[in-house]
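Residue-level listing of the chains:
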Amino acid sequence: MRMTEDGEDSSPSQPDGVLPRGAPGGKDPGVSSDKRPVNPSTEDNNPTKLIDTLQFPQDVQDQSNKTSLYQPRPPLLPKPPALSKGGKSGSMEEVRSRRLKHSQESLTDPAETGSSTDSLKEDSTVTGVFTLSGAATLRNGQGSIVGPLLTPTGSPVFRARGQSLSEYERRPHDHHGDPAEQRGRPFKVRLSPLQPSGPLPALEQTLASESLRTANRIDRDCVDYGIVPGRAGPERLHLHRNLSDSRLLDNMVLDNTSVNSMKSTFSVLNPIRPRDVRNRSFLEGSVLGSGALLGAEELDRYFPERRVGIYIATWNMHGEKGLPNNLDDLLLPTDSEFAQDFYIIGVQEGCPDRREWEIRLQETLGPYYVMLYAASHGVLYLTVFVRRDLIWFCSEVEHATVTTRIMSQIKTKGAVGIGFTFFGTSFLFITSHFTSGDSRVYERILDYNKIVEALALPKVLPDTNPYRSTSSDVTTRFDEVFWFGDFNFRLSKDRVEVEALLNQNQGVDMGPLLHHDQLSKEMKDGSIFKGFQEAVIQFLPTYKFDVGCDVYDTTSKQRTPSYTDRILFRNRQVGDIKVIKYTSCSMIKTSDHRPVIGMFQVKLRPGRDNIPLGAGQFDRSLYLEGIRRRITRELKKREATKDQGSSTICSIS
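Residues numbered from 1 in each chain as written. Predicted model: local features only at pLDDT ≥ 70, side-chain atom pairs only at ≥ 80, totals over all residues. Heavy atoms only, no water.

I would appreciate a short explanation of the overall build of the chain in the present structure.
Secondary structure assignment for the chain yields 20 helices and 14 strands. Burial statistics for the chain: of 653 residues in total, 43% are counted as buried. Long-range pairs, those at least 24 residues apart, make up 70% of the contacts in the chain with a sequence separation of at least 6. Accessible surface computed for the chain: about 34800 Å², of which carbon and sulfur atoms make up 53%. (Helix = DSSP H or I, 4+ residues; strand = E, 2+ residues; numbered from the N terminus. Buried < 20%, exposed > 50% of the residue type's maximum accessible area, 1.4 Å probe, protein only. Contact = heavy atoms within 4.5 Å. Areas by Shrake-Rupley, 256 points an atom, 1.4 Å probe, with all protein chains shown as cover.)

Please clarify how the nonpolar core should be interpreted in this entry.
Ranked by size, the top nonpolar core spans 56 residues in total, and within it I310, F342, F420, F422 and F429 carry the most contacts. When near neighbours in sequence (up to four residues on either side) are disregarded, F342 contacts V308, G309, I310, Y311, L372, V384, F385, V386, C394, F420 and F422. Counting residues in hydrophobic clusters, the runner-up holds 26 residues, among them L323, L327, I345 and C351. (Core = buried A, V, L, I, M, F, W, Y, C linked by side-chain atoms within 4.5 Å.)

Just checking my understanding: could you explain the sheet that holds strand β4 (residues 307-316) for this structure?
Strand pairing in a sheet is mediated by backbone hydrogen bonds. Such pairs are either parallel or antiparallel. The strand order across the open sheet built from 6 strands is β6-β7-β5-β4-β14-β13, with neighbouring strands paired in mixed fashion. Two strands lie at the open edges of the sheet, namely β6 (369-377) and β13 (577-584), each paired on one side alone. Pairwise comparison of adjacent strand axes, ignoring direction, gives a mean angle of 15° for this sheet. Two elements, strand β5 (residues 342-348) and strand β7 (residues 380-387), share 6 bridges in a ladder whose sense is antiparallel. By the bridge assignment, V347 is partnered in β7 with Y381. Across the sheet, helix α15 (residues 354-365) lies against β4, β5, β6 and β7, angled at about 155° from β6, the strand it touches most. (Pairing = 2+ DSSP bridges. Axes fitted to C-alpha atoms, helices over the stretch in contact; angles between N-to-C directions.)

Could you clarify how one ought to interpret the pairing of strand β10 (residues 425-433) in this entry?
In regular strands, side chains alternate between the two faces of the sheet. Judged by how many residues are buried, β10 sits mostly within the fold: 9 of 9 residues are covered. Relative to β10, strand β9 (residues 414-422) is paired through 9 bridges, and the arrangement is antiparallel. Each residue of the ladder has a partner; that of G419, found in β10, is L428. Connecting β9 to the antiparallel partner β10 that follows it, the hairpin turn spans 2 residues, and F423 within it adopts a positive phi of roughly 55°. Here 7 bridges tie β10 to strand β11 (residues 480-486), and the two strands are oriented parallel to one another. Looking at β11, one finds that F429 is bridged to F482. Handedness of the β10-helix α16 (residues 441-454)-β11 crossover: right-handed. (Right-handed = clockwise from strand over helix to strand, strands pointing away.)

Would you explain the pattern of salt bridges in this entry?
Where side chains of opposite charge bring their charged atoms close, a pairing between them can arise. Tallied over the full model, the rule gives 28 salt bridges. Between E499 and R495 there is a salt bridge whose closest N-O contact spans 2.6 Å. Of this pair, E499 and R495 both sit in helix α17 (residues 495-505), 4 residues apart, which is roughly one turn of the helix. Salt-bridge contacts for K589 lead to D550; the nearest nitrogen and oxygen are separated by 3.2 Å. Of this pair, K589 sits in the loop between β13 and β14 (596-603) while D550 sits in the loop between α19 (518-525) and β12 (565-571), and the two are 39 residues apart along the sequence. With a relative accessible area of 27%, K589 lands in the partly exposed category. (Salt bridge = Lys/Arg side-chain N within 4 Å of Asp/Glu carboxyl O.)

Honestly, the side chain of T475 in this entry has me stumped. Any pointers?
By secondary structure assignment, the location of T475 is in the loop between α16 and β11. Under the relative-accessibility criterion, T475 is labelled buried at 1%. Here D473 takes part through its side chain, which lies 2.6 Å from a polar atom of the side chain of T475. (Polar contact = N/O pair within 3.5 Å; in protein donor to acceptor, adjacent residues only side chain to side chain.)

In this structure, what is going on with the side chain of E398? I would like to understand it.
Here E398 is to be found in strand β8 (residues 398-403). Lacking a salt bridge, the buried E398 has K459 as its closest oppositely charged neighbour, with an N-O distance of 6.6 Å. A distance of 3.1 Å separates a polar side-chain atom of E398 from the backbone nitrogen of L461. In contact with E398, not counting residues within four places along its chain, are G417, I418, G419, L457, P458, K459, V460 and L461. (Lys, Arg positive; Asp, Glu negative; His and termini not counted.)

What's the story with the sheet that holds β10 in this structure? I'm lost.
Taken together, the 5 strands give an open sheet; going across it, the order is β8-β9-β10-β11-β12, and neighbouring strands pair in mixed fashion. Every other strand in the sheet has two partners, leaving β8 and β12 as the edge strands with one partner each. Strand-to-strand twist across the sheet, computed as the mean angle between neighbouring axes with direction ignored, equals 15°. Judged from the 7 bridges that link them, β11 and β12 form a sheet pairing that is antiparallel. The partner of G485 across the bridge, within β12, is R566. Across the sheet, α16 touches β8, β9, β10 and β11, and the angle it forms with β8 is around 145°.

Just checking my understanding: could you explain α16 for this structure?
Given 3.6 residues per turn, any residue in an α-helix points the same way as the ones three and four places further on. The first and last C-alpha atoms of α16 sit 20 Å apart over 14 residues, in line with the 20 Å expected at 1.5 Å per residue. Within α16, the full set of buried residues consists of V441, R444, I445, D447, Y448, I451 and V452. Axial view of α16: buried residues confined to an arc of 155°, hence all on one face. For α16, the exposed residues set more than 90 degrees away from the buried face come down to Y442 and E453. On the buried face of α16, the contacting elements are β8, β9, β10, β11 and α19. (Expected span 1.5 Å × (residues − 1). Arc of directions from axis to C-beta.)

See below:
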């Protein structure tokens, strides 16, 4: 403390020698400099650590060697208790030590009870002996000299960190020199750091407080599809990197709460820096990876794991005019937690009104998706929907058709293909309808060969890997190829034997049944679908059912149940396509075929802006009509619910 000439205390509330918490160079009380908990019992007996903690400025030592011409009067102090009781008269230094002792106890008592139990303990610690020149020597409890220590004259030597008082205040000590001279010389007191009363609670792994999690919760619709339940480790830390700038996150503490707070403040969209807008030239065909719209930076921001979700559905509609009342079971199965990024729907023998079919698809998928492209070949329909926020990374879309009929005017058999590039990965989707008939395997192989040779894709889009492409096979000119449809391959068994196998397996193990599958046999022989794969089939045959029920064909033809509807895939790089689900949709019964659906995760690669970009093109009129119908349907449901709730039944007794 600092005294004025009149003896008044002019020191601020903060003790001298202690930097406030958060100040530069200041230490947080209760935390040791070596980031390890301090044990008071062990540090008291360590003179070396005591020497490390007792440091004073050099200018104070210089003042101790100079004679002060003016000696300020000491402040008026209360009468010591020892004098009032007739005991020995204590020095003014002892009174000052006693006052400092009580202030130290109040600061170090975590419970703020003022207890001095810890300060009264007598253990083997180090005491200070002061000399006339201001130097001090340290002695242990047995009186042996430990070593010299430079301190200002009259300054108490505090004990090691972790206790409230110095040994100088607790034990008798020897003063050399005039006490009045020692009182007149200024000195600074360094208070010992506060220590926690018990062990600190363990920190959470993500440093995220519960209040921030609640305040900055993000809409589940904006969460990336790649969050798989049960996934732990670094993969879950990518949870929010898809919607925030990767370079910005590199300079931040890696905790989800910080990222959520940023997104909650600015929006779900990633923040854009002005210099990025200046440097990037998206539509000029830049080949620089750091500035390309389809480059690695944008890809990692939207897809940290560089995998995109693909949902494929194939269905032979049997030419029915009436569509199912609800297509949710076809596109949005309840056992899937997340929707996918792309929805590709292929239809054979489609309904007469193709536009109505597309509107129904848009109505089902809702405002989150837009129709990127749609193509048809007679009654073959192929439609591609994409999440609306990903449409900017798609190239222009191309399509081509092939008919396998002798008369080209009849367009019931053949194929339609759609190709485009997403970031730096090229995709090809083909839906086809092969020749029907139990024994017409050779004709179906001819259909396949004609399609791979005649499907003229790509047209303008550059080939991402021309060295692995062949002119005789369209499937070699794209990175990822999905081929699906009604291939019409049957089971080479009669109806009775097939039903017996179905009754034995009950839809669990289809291996014994697939031994007689024509398509599986031809693929093993290499005569069809070269390089293609198929996921494991664990569902019942999808053909042929009586319309509206789960009974196989009961007509006079008694057709054998077969796996006519299939989804196959091919990739240039091994492991690019990962199967998530492969099953049939048994809830839709308006046709003699059951739809087959597949969910896949496909590896993506960064691209360059030297391709014809789609620039956000989609079918706007279809989007608006689908949303209008969706709203109208919801309003009708609410009105029906309201009418039911307001209706009453009156009875007359």
